[in-house]
Amino acid sequence: MVPMAEQRIAKSVKAFVTLPLQVPPQQSFQKETTHYLYICQNAPKVPTQDTPRELFLVNIPIDTTESHIKSIFANRLGGARVESVAFEGARTGKGITAPVAPVQKQQGRKRKRAQTGEGEGEGTVADEEVGLLPETWDRELHGSGSTAIATFVDRANAELAMKETRKAAKGDRAVRWPSEADLKTTAPPSLGIPRYLAHHRLRHPSHAELQQSVDGYMAAFAAQEAHRAQLLARQRQEPDADGFITVTRGGRNGPAREEETRAREEELKRRERNRVKDDFYRFQTRERKKEEAKDLVREFEEDRRKVEELRRRRGKVRPE
Amino acid sequence: MAPPASKRRKTTHLDSGQESDGASFASFGGSDDAADEVETDGEEQELVSDDGMDSGLGNLSEEQSEDGDDGEEDAVPDNDKSGLEAQHSKQMQQKKADRPHSRSNASTIDAGSSAYTAGTFKSNIFKLQVDELLEQIRPRQGQREKQAEETLHVLKKCIEQLPARGALPVDQAERKLLSSKIAIPFPDPRPPRDARYKLEYAKPPSINVVGSHVLKTSSRKRDALEVDMLVQMPSQILQEKDFMNYRYFYKRAYYLACLAEGLKTSKVTSQYRVQYELLHGDQLKPVISVSPKSDEQNKDAKPARRWKIFIVPAVAPDAFPADKLLPGRNCVRSQSEDAQDPTPFYNASLRADMLLAPYLKLLHGAATSCAAYRDACLLGSMWLRQRDLDSSITKGGFGNFEWGALIALMLQGGGAGGKPILSPGYSSYQLLKAALQMLATRDLSKHALVIGDDSKSAALTLVSHPAIWDATRSHNVLYKVSAWSWQILRQEAVSTLSMLGDQLFDGFNTAFITNSSGPLYRYDHIAEIVLPAKANKGDLLKMLYDVLRRGLGDRVRLVNLIWSPTPAWSLGSSVPSSQATSSVKVGMVVNPDTVNRTVDLGPPAQEKAEAASFRKFWGELAELRRFKDGSILESIVWDTRGGASILQQIVQALLLRHFGEVSANTLKFAGDEYVNMLRHRDNKEPFQALQEAYKQLESDIRSLDDLPLTIRQIMPADAQLRNASLTPPALPKQSPEPANITLQFEGSARWPDDLVAIQRTKIAFLLKIGESLSDANDSITSRIGLENEQADTLNQAFLDVIYDSGVAFRLRIHHDREQTLLERQLKDKSVDPKSKELAAVGLAMFKRDYVRTPAHTQAVARLCNKYPALSGAMRLTKKWFASHLLANHFAEEVVELMTLRTFTQPWPYQTPSSATVGFLRTLRWLSKWDWRSDPLIVDLSGSCELKQQDARGIQTRFEAWRKLDPAMNRVCLFVASNVDPEGSTYTDGKPAKVVAGRATALAKAACDEAESKGFDLEPTALFSSPLEDFDIVLHLNPQTVGGAQGRKQKPVFKNLELATLDDTSTIGFEPAASFVEELERTYGHAVLFFHGSKERSVVTGLWSPQTAPRSWKVNLAYSSIAMEGKGGEDVQAVANKQAMLSEMARLGGELVKTIQVNR
């Protein structure tokens, strides 16, 4: 993109450094373009022990993969070594973690957190998920303008990468977006039709694989339900510190009872209403008639208002 | 005639008509004053318009002394002269000043009372709108009226000063007039040169203004004000036998020519435009038309300036005996034939000239006795105008006059025992409805409506012609209505009546506001036929109609002949020959059930006479065939393989047989082009094949006995299963698109009570069903596919069931506990907003996929059986949306409902009988749909299951949406039906306002095109829109767009193991669709994408206004460039469009051929 003459591209914005990426022309779009990546030291609200060796990347290209980031830093920006990359909005797991032990502190289902910086440092050990459904894409896409966090092997590498980035930005040295050839063995699966074909293949997994996943999930689910029921049962029996017993769902009443009671209540109300018929007393008839007349007037007023509104909207009635 | 005074007083407060009369009376008086100053002629008041109609009529009755009581009170202003006149007009002006007050007062009384007078109007809203319309169209004294009246004075003065001319033989008379460059407009055939009678001119005994202008029953919204000026020919110039052999018409033509010459010598022709014209297209009756000169600066004059005065020569009502002119009599003798055919048209045309004044009196009587009469006439004139019906023969022969006469006559008699059908106390709406009822329910061409003593009406039965026989005046009011016009008129009346009967639908707009005359919307097929040049055009048309009607039989419901009227011509030339315009358009409305029948059966061979007639009619096409049931019949078998439709073949054959080669070869036939653009045309066979396969699948699944739960129901939920998909299903050599179906098990307590677990359980069920199906039936391949990867509470999997025959189904399990769980989640306050949002999405999806769509599918499939043209119309409409790249914005169901509206609420037309008109009318409606303030509500039951209360509920919901979301960011189109009262099921979020606006604009453009081109409309023109409208255009590789082409690509991707995949594995593989979906997900905030599924292999986009430069921030949802701000401003973020395009190119790979950047 050729910037306008009087405006220059900002070398940095807020805490971010602008890193231009040179993208080679494509077969269907014969133009060399420049993409702008904004990089800064990661500074989350709740820092973790990994925070010092992380960089925050903004506006990554939609088809970025971990190997792209690794390649850029390793080959173009002073050879800083990236350990892993966590993308914004990456899919969280869809499995279930079976309760490992009854004494576990967190009750209920616990999801594997995304591999973001905050997730790692808290020291909670992610339980292994079971019953995950198979992946259907061999290469994920990211929304346009989204972010990622690159974790370097150590703090020195992260600092080196930041320094190199600044240098590149200052010197207007555009970094080339790595092509498949550049990535060699770590090249991600290709885009375009092959990717859609692969997706088509992946979304129709073999029955055996699916069966296994479902069985695993259901087994874990059953175990979890049993565990929860057990916990609830215990809660019902044990008074807490103040001597109160917590009322919990479940117990003797099945889940279907709730709706049933409501239906019965309605029925009762209806019967009550029907006991005295609507036209038993004369005042009832009189009142009904009055109501009807009032309704007519109201309807008329409403219609008139509607016509007024029509007129306001369309102007006068004008035959074509 | 005139009612007792008390009656009159009673009616005045009901209607403001009386006041307006007074008011315009006053203004008439005003103009009169002005005229009086110029003219000192004492006989001025003979001109009716001077004193308004009352005095004019008084005048009439004075002369004829037939009607005493009317004359008595009305004659007053005539007899006293200018002194009193001035006083009178002052009084009137006083009244005029009072008028606004009294008017508004009257209308409030009127409106207030209507709340309680239910029944006299359809509904309050209808009544209020009618009142407003009447206010708009009631005639008033304006600029053009003033001008026209001034001219009337001039003309009258001029005519009165003309000297009498002595009797002359025909050719002398003609020569004499020719010397002053005036031609005598003799009707065809012209009089013989050696005729023994002589032509003569004498001063007219009276000159009157007649017609709707005087009665104030013509709407002021017409293009031109038309005033009929009656010049009565004196009786002494006529002879007793003049009604025979055109003699009256020759004399009339001469009289007219003399008037023309008089106008010319008195220089009137230099001030105005004076021409000959045919009165109502009746070849026998030329008139002089006087209109303002259209000089250069006046070319685009306002309609207010346009007016036209017709000078109509006529005779006294007693000029000829009425008995001689009965419809059964022959009045045109020819020497050769002995048997004299009756000449009803000729007779009635002559009779009409005698009856101009009596009818004026009749109508005026009705107007005074019935308060609502004028309003009914105004409404009627509006109704007729919107249907392009007119008194002129080319436009049906039923116009304002006939309408007024019909109501006036029905006020006098026609009921059982000669009692009036209507009572003068009826409201204008009731009068209108009664008149329509008369036209709709009674076939007047078989049983004439006779009003008055019916001793003479026996003559009517001789000619099968629509008739309203006015026995008092011995005249058929419908004499100009031809057999085909009668059909049209009747049909219009029928559809208007059923429309007014519909409680859900406010018929006001379609009855009076929308113009429904466009032939493209009215007729399924239009043929343009050049008829051989022949003397009598009327006979030729009759013959054409009869031939087509007989030949097409029950294939068509309606045949109408349309031809252009003879234009006005100059005074110096004779009547333009009608042969110049011998091209006739034939509009046909087909019967969709029988139009494509391949065999026409004739009479059996034994019935000699009938068989001979059949052979004579069809010529060589008729064949004697023996049929399976043993009968031997004359028959015709039509060819179905050729390109031309059967209808076209028949018309062609009939023309060749009866009108010669020229007509047959020049035939232009339109109406099939649209359907031909569809794959497999509007054939239903592929859909039926799929339906059968579906039934097979249902029985296959139900016969599985090893399922853990019993099946409650299996429902279709796909456009292919309701005959509505653009591409017909299961074409050979094309991989099928799986048709969605849902399966519901009987309730069980063993389902888990957790959304995620339910989804997994569903997978387990699907695995089981797939396995069992494949085991039970060798021809079935089944496969599980995953979906909704991003959220595990949504449906996770479906089962594709593929038969070896090439049909595929996609099965999902419907479990109603999901809805309860989702609703509970929505209500739960402890749930985080993100999950709540997801639950809302899930609930909407659940309702759409498992509740609404199956119900919709069933309803539409049923309607497809009811309306044969529906399937084609829906597919054409979808094609239109796809061609304009709107397919990814409008859900299929929305498009279907739009088309269905055309079928279930067809007004002002009948239910479309071909896909083409169904499509075109849908487009027209779409171009007019104000979706901002009107919901679309369709009753899919076909039997009025949608009650008024439900409709009101839907309306309330619509209003709630508009209040909640006035900017229409979420729900823009509100589309509800009786199976989907929610209205936002298919339109939540999509289409956006800008897209809906574009659809409306495109439809408008298409309709404009259709209206301007008319018959010559190029069908493909409706289906193309320029790609330049978009900012970016991604041209896709055409081979990759359809799923079918995946197979052709196989060798290219051998390395990807595709070769090992068999055919069934590519089912459902649509890379282009996936690509567009991903583009929308990735760039949804920056670009609005348009895609037409398989119809056009392009994806286009518009940059969203959100991508305009703004201050930089981290969470921009698009790729950006950081620009230094000017003068120390914040750093600006500019959309990096080039980089995004490059990304799109990378993402698409070989899928994208080129990217075109327009802006």
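Quantities reported herein were computed from a predicted structural model and do not represent experimental measurements.

**Some thoughts on the overall build of chain A**
Next up, step 1: Looking only at helices and strands, one finds eight helices and seven strands in chain A.
Next up, step 2: Taken as a whole, chain A presents about 19,700 Å² of accessible surface, with 51% of it coming from carbon and sulfur.

**As for the side chain of D754 of chain B**
Residue and element names in this part refer to chain B.
Next up, step 1: Looking at where D754 falls in the secondary structure, it is placed in the loop between β20 (739–745) and α27 (755–776).
Next up, step 2: Among the residues examined, D754 registers a relative accessible area of 14% and is labelled buried.
Next up, step 3: Of note is the side chain of D754, whose polar atom sits 3.0 Å from the backbone nitrogen of V756.

**As for the interface of chain B and chain A**
Next up, step 1: Taken together, the contact between chain B and chain A spans 102 residues of the former and 86 residues of the latter.
Next up, step 2: For the chain B and chain A pair, buried surface summed over both sides reaches about 8,300 Å², with 60% attributable to carbon and sulfur atoms.
Next up, step 3: Scanning the region where chain B abuts chain A turns up two salt bridges.
Next up, step 4: Between chain B and chain A we count 20 residue pairs in polar contact (both at pLDDT 80 or more) in total.
Next up, step 5: Class assignment of the residues belonging to the side of chain B that touches chain A gives a composition of 46 nonpolar, 30 polar and 26 charged.

**Comments concerning the UniProt feature "coiled-coil region" (unreviewed entry) in chain A**
Next up, step 1: The UniProt feature table records "coiled-coil region" (unreviewed entry) at residues 283–313 of chain A.
Next up, step 2: The span residues 283–313 of chain A shows a helical share of 100% and a strand share of 0%, and its end C-alpha atoms are spaced 44 Å apart.

**Digging into the sheet that holds strand β29 (residues 1110–1111) of chain B**
Residues and elements named next belong to chain B.
Next up, step 1: Spatial strand order, β29-β31-β30: three strands in an open sheet with antiparallel pairing. Edge positions in the sheet fall to β29 and β30 (1120–1123), since each of these pairs with one other strand and no more.
Next up, step 2: Sheet analysis places β30 next to strand β31 (residues 1132–1135), joined by four bridges and oriented antiparallel. Across the sheet, residue M1123 finds its bridge partner in β31, namely Q1132.

**Some thoughts on unusual backbone geometry**
Residues and elements named next belong to chain B.
Next up, step 1: For the bond running from W907 to P908, omega is 5°, close enough to zero to count as cis.
Next up, step 2: In this structure, P908 sits in the loop between α31 (892–904) and α32 (915–928).
Next up, step 3: A cis amide bond, omega -5°, links K990 with the succeeding residue P991.
Next up, step 4: By secondary structure assignment, the location of P991 is in the loop between β25 (975–977) and α34 (993–1013).
Next up, step 5: In this structure, Y246 is a non-glycine residue whose phi angle is positive, near 65°.

**Quick notes on the sheet that holds strand β8 (residues 449–451) of chain B**
Within a sheet, each strand pairs with its neighbour through backbone hydrogen bonds, oriented either parallel or antiparallel.
Next up, step 1: Read across the sheet, three strands follow the order β8-β9-β10 (chain B) without closing on themselves; strand pairing throughout is mixed. Of all the strands in the sheet, the pair left with one neighbour each is β8 and β10 (475–476) of chain B.

**Description of the packing of helix α15 (residues 373–386) of chain B against helix α17 (residues 428–441) of chain B**
Residues and elements named next belong to chain B.
Next up, step 1: Running from N to C, α15 and α17 cross one another at 50°; their axes reach a closest spacing of 8 Å. Put simply, α15 runs oblique to α17. Handedness of the crossing formed by α15 with α17: right-handed. Every residue of α17 that contacts α15 at Y373, D375, A376, L379, G380 and W383 is listed here: S428, L431, L432 and L436.
Next up, step 2: Within the contact of α15 with α17, the residues separate by chemical class into seven nonpolar, two polar and one charged.

**Remarks on the side chain of Q232 of chain B**
Residue and element names in this part refer to chain B.
Next up, step 1: Structurally, Q232 can be placed in strand β4 (residues 225–232).
Next up, step 2: A polar contact is formed between the side chain of Q232 and the side chain of S206, at a distance of 3.0 Å.
Next up, step 3: Aside from chain neighbours lying at most four places away, what touches Q232 is P204, P205, S206, Y255, A314, V315 and A316.

Reading the values: the criteria
- Residues numbered from 1 in each chain as written.
- Chains lettered and ligands numbered in written order.
- Predicted model: local features only at pLDDT ≥ 70, side-chain atom pairs only at ≥ 80, totals over all residues.
- Heavy atoms only, no water.
- Helix = DSSP H or I, 4+ residues; strand = E, 2+ residues; numbered from the N terminus.
- Areas by Shrake-Rupley, 256 points an atom, 1.4 Å probe, with all protein chains shown as cover.
- Buried < 20%, exposed > 50% of the residue type's maximum accessible area, 1.4 Å probe, protein only.
- Polar contact = N/O pair within 3.5 Å; in protein donor to acceptor, adjacent residues only side chain to side chain.
- Contact = heavy atoms within 4.5 Å.
- Buried area = accessible area lost by both parts, 1.4 Å probe.
- Salt bridge = Lys/Arg side-chain N within 4 Å of Asp/Glu carboxyl O.
- Nonpolar A, V, L, I, M, F, W, Y, C, P; charged D, E, K, R; others polar.
- UniProt positions renumbered as here; feature names shortened; annotations may be inferred.
- Pairing = 2+ DSSP bridges.
- Axes fitted to C-alpha atoms, helices over the stretch in contact; angles between N-to-C directions.
- Parallel < 35°, antiparallel > 145°, perpendicular 65-115°, else oblique.
- Left-handed = near helix turned anticlockwise from the far one by under 90°.

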